Structures are given as structure tokens and as C-alpha cells.
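Observations on chain architecture
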There are 2 protein chains.
Amino acid sequence: MPPSIHATYRLKAETSNIMKRITLLIITIGALGGVVALTVRASRSAYQEGTPSYVTEIPEGYREWRFISVAHEEANLNSFASVLGNDIAIKAYREGQLPFPEGAIIAALHYKFVPSAENNKAFGRDQSFVAGAPTNIQFMIKDSKKYTATGGWGFGHFNNDGKKVDDAFMKTCFPCHQKIKERDLVFTRYAP
Amino acid sequence: MPPSIHATYRLKAETSNIMKRITLLIITIGALGGVVALTVRASRSAYQEGTPSYVTEIPEGYREWRFISVAHEEANLNSFASVLGNDIAIKAYREGQLPFPEGAIIAALHYKFVPSAENNKAFGRDQSFVAGAPTNIQFMIKDSKKYTATGGWGFGHFNNDGKKVDDAFMKTCFPCHQKIKERDLVFTRYAP
């Protein structure tokens, strides 16, 4: 093999080798890009479906809202709840609209469940329980885009000092509410 | 006595007699009038202080009113109450205005106090009570002129069928509410 041919062969072989490496690099970059793309997509999906966000601000004017119903929890909670709704929520309740429309907000105002000595005295027997000190307020805000991870509802819980509780606590809301999917995760029924 | 003088005398005497009778009639009419006036006054007074009148119509729009508080009565009542107020009542509550101003209306919406099987199932334990079927609505309407006999408050009680209960039942409201004169006969305190 004359050196020129050899050189040409070597050059061709090297060129081929470089081309192969470039191709490999392109494939690798492409593959990596794909992996990155997949990773981004996967993490966004994880955010939407697995990493919920919660309500961080108390909705304005909730104390002026109309009445939905009352509730009482015994045992460790020993609470009274008054459940109020903004105009969108009240309209949906009255018209039996399910799922609730965007913008619906439901507020549960919680108080201690306490016996009323003054009422019992007037009635002449122990039978009266009233709302004691306020304990917390919980909200459900319908925003399907913002709260995809929790069924389209943003959950919020604010203690009596106005501060929201930590996310570890908030994680317990959705799994429980999810048990009543047929009523769009809302426990409270409308009291006429 | 000449007949003319006699006649004149008789005429004078008769005139005097007629005048006396007219005077007596006027006095009698006046006296009767006075008696009638006294009777009317006395009966109105009796109406105002001894014969109360009650609320006969359900106030319009009460289901849109704002929330005051919740209550629960045990025993034979076994009820849940949601207490709502019209704008005048809510303003008075928030400003601590006592006595309540004219036009204030307080509504107590009563429901059966029932355990919630669906809530208990979701929570995993028996602890939840909710508003069951509506039972009655009670009202207190502040109108000092109309309801003088019952401390300036008109009491109303309407069963679930919308019919008001009889006056015999209604007579029991005021004696009990009168026990809390210091809060203008209103049991329910405002829940923040």
C-alpha cells in the first residue's frame, strides 16, 4: 500500500471515525435532550399531580358570606362549624351544580363547642351549647388550573391568630375529601 | 198674674228647663265621651302592656342574611340553630349597640341535630353531627311601638310548613327572654 494511499485510507478512516463520533455526540446530545425534556415533563406532572399547593391568604370578606349549614364534631375536635359560601358557591349549591364552578369558595368557621351556663339558667335545665372562642377557619377555593394536584380545590387552614398551618398538616385534607368524589369533594350539604 | 205675664213666666221657665236639659245632655254627652275616651285609652294600654301581638309573616329574604352564631339544644329539642341577622341587627351586634335599634331582626333557623354516617365513614370514627331536616324558624323583630307588651320585640315562630304557631305557644317566648334584660332579651352572642 503506497503511503499516499495509506494516508488517504487513514484520513478516510479518521474522517469516518470523527463522523461516527459526531453522530454519536449528536445522538447523545439528542438523547440527553430527550432525557432532560422527559425529566422536565415528569417533574411538572409530579407538581400537578403529586405536589399540591395550598391557600396562602384568607379570602377577603368571607365573614359577610351567606350561610350554607352548621356542623359539630365530637371527640378531640369538640367543635362547632358554621359553613359559609361566596356568591358563586351559594348559587351552585342552590342550583345543584356539580362540579362546583371556578371561583367558588367555601369557608368553615370553627369555634369551641361549649355549654352555655346563662342559657341553661334561663331554660331551667342543662341543654344548651353555643359557639365558644373561635379556633380556626378552613377554606376550599375552586381553581382547576392552580390546584390540579388536589382535585381542582385549594385547601386552606388558618388558626385563630390568622396564620396558615404548615404543609405537612395540609397534606391530610385532600385524601379525606377525595372520599366524596361524587359531591366534588365537598362534605357540607346545603341547609334550606 | 195676668195671663200674659203668666205665659211669659211659663215660657221663661220652659226655656230655662230646656236649657237645663240641653246642658245636662251636653254634660252627659261629654261625660259619656270621657268614659268612651277613657275606655279606649284603657283598652289600648291593656293591649300594649298585657296583650302581646306576635309576628304573623315570615320576613322577606331572611335566608340571605349574615351569620351571627350557631347553637345546639340537647334533650327534647335535639336541634341545631343557625342564627342570622338583617343588616341593622348585624351592625348593632358588631358595634355592641344595646338596646337593639328599631328594625333589627334576628332569625333562628332550626334543624334536626343528626349524626352524619357519610362523614363518619370518611373520618373513620363516629364524631360528626350535621343539620338534618329543617324544623322551624323563629324571629325577633324590634319594633318598640308595635310590640310594647313584649319588651319592644315581636316574637315569631313558623313551623317547617311555613305556618305560624298559635298564641298559646307564643306566650312562652317573652317570659324566658325577659331573663336576659341586660342584653335586650337576646340570648345569642355574636360569633367573630
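1. Re the relation of the copies chain A and chain B
Once chain A has been moved 0.0 Å along the axis and rotated by 180°, it coincides with chain B to within an RMSD of 0.0 Å. Taken together, the rotation angle and the small translation identify this as a two-fold axis. Closest approach to the rotation axis within chain A is made by the C-alpha atom of arginine 66 of chain A, at a distance of 2.9 Å. Taken as a fraction of all interface residues of chain A, those also at the interface in chain B reach 100%, which identifies the copy contact as same-surface.

2. Topic: unusual backbone geometry
All names here are of chain A. Here the amide bond leading from leucine 98 into proline 99 is cis, since omega sits at 0°, within 30 degrees of zero. Position of proline 99 relative to the elements: it lies in the loop between helix H2 (87-95) and strand S3 (105-115). Of note in the backbone geometry, alanine 75 takes a positive phi value of approximately 60° without being a glycine.

3. Considerations on the packing of aromatic side chains
Residues and elements named next belong to chain A. According to the stated counting rule, one finds 17 aromatic pairs over all chains in the structure shown. Measuring from ring centre to ring centre gives 6.0 Å for tyrosine 93 and tyrosine 190, while their planes differ by 35°; the resulting arrangement is tilted. Here tyrosine 93, found in helix H2, pairs with tyrosine 190, found in the segment after helix H5 (173-177); they are 97 residues apart in sequence, far enough to count as distant. A residue is classified by how much of its surface remains accessible, and tyrosine 190, at 22% relative accessible area, is partly exposed. Here the aromatic rings of phenylalanine 100 and tryptophan 153 are separated by 5.6 Å at their centres, their planes lie at 65°, and the arrangement is edge-to-face. With phenylalanine 100 in the loop between H2 and S3 and tryptophan 153 in strand S5 (residues 153-159), this residue pair connects regions lying 53 residues apart in the sequence. The same class applies to phenylalanine 100 and to tryptophan 153, which are both buried.

4. Brief notes about the side chain of serine 69 of chain B
Tracing the chain through its elements places serine 69 of chain B in strand S1 (residues 66-73). Those residues in contact with serine 69 of chain B that sit more than four places away from it in its chain are Ala131 of chain A together with Ala81, Ser82, Val83, Thr188, Arg189 and Ala191 of chain B.

5. Side note on the interface of chain A and chain B
For interface size, the figure often reported is the accessible area lost on association. With 42 residues of chain A in contact, the opposing surface of chain B contributes 42 residues. For the pair chain A and chain B, the summed buried area comes to about 3500 Å², and 52% of that belongs to carbon and sulfur atoms. By the criterion of area lost to chain B, the three top residues of chain A are Arg63, Phe67 and Val70 of chain A, representing 17% of everything that side buries. For the pair chain A and chain B, the number of links is eight salt bridges. The partner of glutamate 118 of chain B in a salt bridge is arginine 183 of chain A, with the nearest N and O atoms 3.0 Å apart. Listed by contribution, the elements that provide at least two residues to the side of chain A that touches chain B are strand S1 (66-73), strand S2 (79-85), S3, helix H3 (117-123) and strand S4 (128-142) of chain A. Top element by residues in the side of chain A that touches chain B is S1 of chain A. It accounts for eight residues.

6. Focus on the confidence of the model for chain A
Residues and elements named next belong to chain A. When pLDDT is averaged along chain A, the result is 83; 74% of the residues meet or exceed 70. A low-confidence stretch, residues 1-11 (pLDDT under 50), is modelled with one contact involving residues beyond four sequence positions or located in other chains. Considering only residues more than four positions removed or in separate chains, one finds that residues 32-47, a stretch of pLDDT under 50, has five contacts. Confidence estimates for the predicted assembly give a pTM of 0.75 and an ipTM of 0.75.

7. Focus: the environment of tyrosine 54 of chain A
Residues and elements named next belong to chain A. Position of tyrosine 54 among the secondary structure elements: in the loop between helix H1 (3-49) and S1. Residue class for tyrosine 54 comes out buried when judged on its relative accessible area of 11%. The spatial distance from the C-alpha of tyrosine 54 to the C-alpha of isoleucine 141 is 9.5 Å, given a sequence separation of 87 residues. Setting aside residues up to four positions removed in sequence, tyrosine 54 forms contacts with Tyr147, Phe155, Asp167, Met170 and Lys171.

8. A closer look at the pattern of salt bridges
Between side chains of opposite charge, a pair can form as their charged atoms come close. Counted according to the given criterion, the structure contains 14 salt bridges over all chains. With a closest N to O distance of 2.3 Å, arginine 66 of chain A and glutamate 64 of chain B form a salt bridge. Here glutamate 64 of chain B lies in the loop between helix H1 (3-49) and S1 and arginine 66 of chain A lies in strand S1, a pairing that spans two chains. A salt bridge links aspartate 87 of chain B to arginine 66 of chain B; the nearest nitrogen and oxygen atoms lie 3.0 Å apart. Here arginine 66 of chain B lies in strand S1 and aspartate 87 of chain B lies in helix H2 (residues 87-95), a separation of 21 residues in the sequence.

What counts as what
Residues numbered from 1 in each chain as written. Chains lettered and ligands numbered in written order. Predicted model: local features only at pLDDT ≥ 70, side-chain atom pairs only at ≥ 80, totals over all residues. Heavy atoms only, no water. Least-squares fit on C-alpha atoms with pLDDT ≥ 70 in both. Contact = heavy atoms within 4.5 Å. Helix = DSSP H or I, 4+ residues; strand = E, 2+ residues; numbered from the N terminus. Phe/Tyr/Trp six-rings, centres within 6.5 Å; stacked < 30°, edge-to-face > 60°. Buried < 20%, exposed > 50% of the residue type's maximum accessible area, 1.4 Å probe, protein only. Buried area = accessible area lost by both parts, 1.4 Å probe. Salt bridge = Lys/Arg side-chain N within 4 Å of Asp/Glu carboxyl O. pLDDT = per-residue confidence, 0-100.

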